[in-house]
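Each chain, written out:
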Amino acid sequence: MATKPELLIDAASLADMERLIEAGADAFVIGESRYGMRLPGDFDIAGIAEAAKLAHARGTSVYAAVNNVMDNRTVDTLPDYIRALAQAGVDAIVFGDPAVLMAARSAAPGMKLHWNAEMTSTNFATANYWGRRGASRVVLARELNLDQVIAVKANTDMAVQVQVHGMTNIYHSKRPLVHNYFEHQNKDGSVENVPVHGRREDGLYLIEAERPDERFPIYEDANGTHIMSSDDLCMVENLHELMEANIDSFRIEGLLKSITYNETVVRAYRAAIDAYVMDPQGYAFQDEWLDAIVSLQNPSRELSYGFFYKEQVY
Amino acid sequence: MVTTQTAPRLKGKRHRLAKPELLAPAGNLEKLKFAVHYGADAVYIGGQKYGLRSNADNFSFEEMKEGVEFAKQYGAKVFVATNIYAHNEDIAGLEDYLRELELAGIAAIIAADPIIVETAQRVAPKLEVHLSTQQSTMNWQAVQFWKEEGLPRVVLAREASLEEIAEIKANVDIEIEAFIHGAMCSSFSGRCVLSNHFTDRDSNRGGCCQSCRWKYDIYEDDIAMVGMDADKFTMGSKDLGMLEHIPDLIDVGVDSFKIEGRMKSLHYVATVVNAYRQAIDSYMADPERYELKQEWLDDIQKAANRPLNTGFFYDTPGAEDHIYEPEEKAAPYDFAGVVISYDEASGTAVVQQRNHFKPGQQVEFFGPNGTFFKQTVGEITDTDGNALDAARHPLQHIVIRTESPVKPMDMMRKRIR
């Protein structure tokens, strides 16, 4: 038997959590948008407490997303919020801003901390830097390739989390870009009946002239404007390469997907992980795992290996 | 965004104003010299590695030493941007590189990646470490964290407002640096991998291809949201320009005023530094009677290449702060020459040609501290006295009669329309 990696996903509600636990998820990232970034649903403290209770009863974990770029107003409320998260029973706090680390040190000294700086968590030495300051897990940037991911794992004692499925954020601005654009259009009276705010449920996407087949979702919320990748990462075929490297946690991004789709994805990865852990030597990828995902995949969004096998220049 | 709001000031009691540092970009050694000569208190440059402008000239260690020596004559400092987010393979070699910077006499590095911060503190203790804007720091508690880590200065996120800066200054005793002029990422700095996705170029290691300034169509369910001939969607922002708001920035206690633009021209750097230098000196000399001078604003316009706005200092940028229409090159002037020497007896200057000019053209001469005059170019010769119909050879030395005395490193610009 090999060490069993964790299968981690977000959830929009308690009901979704139930279904995803049933499908085989081991852990959840949840939170509220005042503190956490790009969450599919808002859980207040009472909701988080319920979620933790549900998760623990089923042998799963709950991590609270406190990974926004924080302003002074929010920072002033962090000690109380983190204390409340600890009382709610969360298993860890996900952070990017050092302000959260500072607040957690005093408000919840024993709390586990996962360092997630999105696209800027790019090397083992910096992971270890945060490890020395109290983080127990590094969430790696999606822009790393497999060799780099493996080298991070080989050079740290921290748990290593990578995203294996779903869309990724490729641009985050504090500006209300969609609102601003439609305001500009309306100034000369050329636009009627458009959503002035690009809320997530509006389903807006960008197309760049030279890439007509790629659709980049764009939406706005209280934290600004988010642009997402045009492809969905899908590593289920090659998951054994990450399992051989003893990566600790596999993250599925469920944002902007239906619960049925996310359930199907969780089932596929669950099957792959269980088969591998049972018998690493005899492990063989099963086409049916991928087929199940493909059958529900939006045809305008390619399933890709992201940056896992790419070399980037600069 | 036009606004008449002022920053929160300490009401009721007078407080001593600290004179801020004016920090200018220098893409190469010549730009460094001019930035310092025109009044920068410090300049920041890029070395051969670890910087975010892989397309800029970038300094060798030898050039850094020469730059440091030059700056020293003016009491100015040289900083080096080591602001990439490192990948595993970038870690080897980091210690040696930082030691070389220390040996070259560099005063500070500007670092985003904590491992570069920590390594510098360990192996090159004489280098100050300034936290880069790429860390998107915009709250006092995070600033406090970096202070406790031993950093003397934090460059704030460009999203921080004047009010937030005042709160940070009130809570933490640390130097705060803020961008006051130049191009801006429209995203949180560092939180953008558009280049990676569009062109496989790593934005956080210097490969940014400015995809935010490209044009996009915005769709919902296969239907374009606006007509095909309407202005397209873009994330591209106007440039930051805070010249009209120097008192507000000084009053909230910003310690270092940073001008963006290691890729910008010599003329741009000298012109922008010159204007801010005069505004800062004028306000510090007599805050009560300070007046913004129209000529400073006019000068900035002669070098600007995008329309300006005030970023997040007063409020969140709106529709008017983006560039949806086709960009027009705003500057009606071109850099034409640099004064090499001046002969008082004959009233002539030797000018190194930097762009085409010819007799009959309107030009302006300017130097540090606002020295300035206009004239028409008269007869010109080469240094052997041969008459020329135009100065058309790059870097050629041209003799020209000037209507007022000029000094070496004064600049000449010509009107182009």
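Residues numbered from 1 in each chain as written. Chains lettered and ligands numbered in written order. Predicted model: local features only at pLDDT ≥ 70, side-chain atom pairs only at ≥ 80, totals over all residues. Heavy atoms only, no water.

**Student:** Tell me what's going on with the domain arrangement of chain A, and back it up with residues and numbers.
**Tutor:** All names here are of chain A. Structurally, chain A comprises domain 1 (6–167 + 231–304) and domain 2 (172–227). Taking the mean C-alpha position of each, domain 1 and domain 2 sit 27 Å from one another. Facing 13 residues of domain 1, the contacting portion of domain 2 comprises eight residues. Across the domain 1/domain 2 interface, buried area totals approximately 870 Å², and carbon plus sulfur atoms make up 49% of it. (Domains from an automatic or database assignment. Contact = heavy atoms within 4.5 Å. Buried area = accessible area lost by both parts, 1.4 Å probe.)

**Student:** Talk me through the sheet that holds strand β8 (residues 216–220) of chain B; I want residue IDs and the actual numbers.
**Tutor:** Taken together, the six strands give an open sheet; going across it, the order is β8(A)-β11(A)-β10(A)-β9(A)-β8(B)-β9(B), and neighbouring strands pair in antiparallel fashion. With one partner strand each, in any of the chains shown, β8 (169–173) of chain A together with β9 (223–224) of chain B form the two edges of the open sheet. Relative to strand β11 (residues 224–228) of chain A, β8(A) is paired through four bridges, and the arrangement is antiparallel. Opposite Asn169(A), over in β11(A), you have Met228(A) as the bridge partner. Against the sheet, helix α7 (residues 177–187) of chain A touches β8, β9 (204–208), β10 (216–221) and β11 of chain A together with β8 of chain B, its axis set at about 95 degrees to β10(A). (Pairing = 2+ DSSP bridges. Helix = DSSP H or I, 4+ residues; strand = E, 2+ residues; numbered from the N terminus. Axes fitted to C-alpha atoms, helices over the stretch in contact; angles between N-to-C directions.)

**Student:** Describe the packing of helix α5 (residues 124–132) of chain A against helix α5 (residues 114–123) of chain B, and please don't skip the residues or the numbers.
**Tutor:** It is at 8 Å that the axes of α5(A) and α5(B) come closest, and there the two elements cross at 75 degrees. Viewed along their axes, α5(A) and α5(B) adopt a mutual orientation that is roughly perpendicular. Residues Ala125(A), Thr126(A), Tyr129(A), Trp130(A) and Arg132(A) of α5(A) form the contact with α5(B), whose participating residues are Pro114(B), Ile115(B) and Glu118(B). Looking at side-chain class alone, the contact of α5(A) with α5(B) contains five nonpolar, one polar and two charged residues. (Parallel < 35°, antiparallel > 145°, perpendicular 65-115°, else oblique. Nonpolar A, V, L, I, M, F, W, Y, C, P; charged D, E, K, R; others polar.)

**Student:** For the interface of chain B and chain A, give the residues involved together with the corresponding values.
**Tutor:** Every contact between the two is made by 75 residues of chain B and, on the other side, 74 residues of chain A. Of the roughly 6,700 Å² buried between chain B and chain A on both sides combined, carbon and sulfur atoms contribute 58%. Linking chain B with chain A are six salt bridges, by the criterion used here. Across the pair Glu118(B) and Arg132(A) runs a salt bridge, and its minimum N-O distance is 2.4 Å. In this structure, the connection of chain B to chain A is made through 43 residue pairs in polar contact (both at pLDDT 80 or more). Those elements giving two or more residues to the side of chain B that touches chain A turn out to be α3 (88–91), α5, α6 (140–148), α7 (162–171), α8 (194–199) and β8 of chain B. The element contributing the most residues to the side of chain B that touches chain A is α6(B), with seven residues. Of the residues contributing to the side of chain B that touches chain A, the split by class is 30 nonpolar, 20 polar and 25 charged. Across five bridges, β9(A) lies against β8(B) in antiparallel orientation. Opposite Glu208(A), over in β8(B), you have Tyr216(B) as the bridge partner. (Salt bridge = Lys/Arg side-chain N within 4 Å of Asp/Glu carboxyl O. Polar contact = N/O pair within 3.5 Å; in protein donor to acceptor, adjacent residues only side chain to side chain.)

**Student:** Would you mind going over the domain arrangement of chain B in detail, with residue names and values included?
**Tutor:** Residue and element names in this part refer to chain B. Domain assignment breaks chain B into domain 1 (21–191 + 235–321) and domain 2 (333–415). On a C-alpha basis, the centroid separation for the pair domain 1 and domain 2 is 32 Å. In total, domain 1 and domain 2 occlude about 1,300 Å² of area from one another, counting both sides; carbon and sulfur atoms represent 61% of this. If you look at where domain 1 meets domain 2, you find three salt bridges. The tally of links from domain 1 across to domain 2 stands at nine residue pairs in polar contact (both at pLDDT 80 or more).

**Student:** Pulling in residues and values, what's your account of the nonpolar core?
**Tutor:** Core analysis: the biggest nonpolar cluster contains 191 residues, and Val66(A), Leu78(A), Leu242(A), Phe250(A), Tyr269(A), Ile246(B) and Tyr276(B) have the highest contact counts within it. Here this core gets eleven residues from one element, more than from any other, and that element is helix α10 (residues 266–285) of chain B. Not counting residues up to four positions away in its chain, the partners in contact with Phe250(A) are Pro5(A), Glu6(A), Leu7(A), Leu8(A), Val162(A), Val164(A), Leu239(A), Leu242(A), Met243(A) and Ile273(A). The next biggest cluster of nonpolar side chains, apart from the first, holds 25 residues, and it includes Leu177(A), Val178(A), Val226(B) and Tyr324(B). (Core = buried A, V, L, I, M, F, W, Y, C linked by side-chain atoms within 4.5 Å. Buried < 20%, exposed > 50% of the residue type's maximum accessible area, 1.4 Å probe, protein only.)

**Student:** Give me the lowdown on the pairing of strand β3 (residues 77–82) of chain B, citing residues and values where you can.
**Tutor:** Residues and elements named next belong to chain B. Burial analysis of β3 places five of its six residues in the buried class, the great majority of the element. In this sheet, β3 lies alongside strand β2 (residues 42–46) in parallel orientation, the contact comprising five bridges. Opposite Tyr44, over in β3, you have Phe79 as the bridge partner.

**Student:** Explain empty space enclosed by the protein to me, using residue names and the numbers behind them.
**Tutor:** Following the criterion strictly, the structure yields five cavities of 30 Å³ or more and no others. Taken as a whole, the largest cavity encloses approximately 310 Å³ of empty space. Taken together, 23 residues form the lining of the largest cavity, with Asn116(A), Glu118(A), Arg142(A), Arg251(A) and Glu253(A) sitting closest to its centre. Of all the secondary structure elements, the ones that give two or more residues to the lining of the largest cavity are β3 (61–66) and β7 (159–166) of chain A. In terms of residue count, β7(A) provides more of the lining of the largest cavity than any other element does, three residues in total. Here the residues of the lining of the largest cavity are counted per class, giving twelve nonpolar, six polar and five charged. In this structure, the second largest cavity spans a volume of roughly 210 Å³. Lining the second largest cavity are 22 residues, and of these Gly96(A), Ala117(A), Thr120(A), Gln135(B) and Arg191(B) sit closest to its centre. Mapped onto the lining of the second largest cavity, the elements with two or more residues apiece are α5 of chain A together with α6 of chain B. (1 Å grid on protein atoms, 1.4 Å probe; cavity = no way out; pocket = protein on both sides within 12 Å on 5 of 7 lines; lining within 4 Å. Points joined across faces, edges and corners; volume = space filled by probe spheres on them.)

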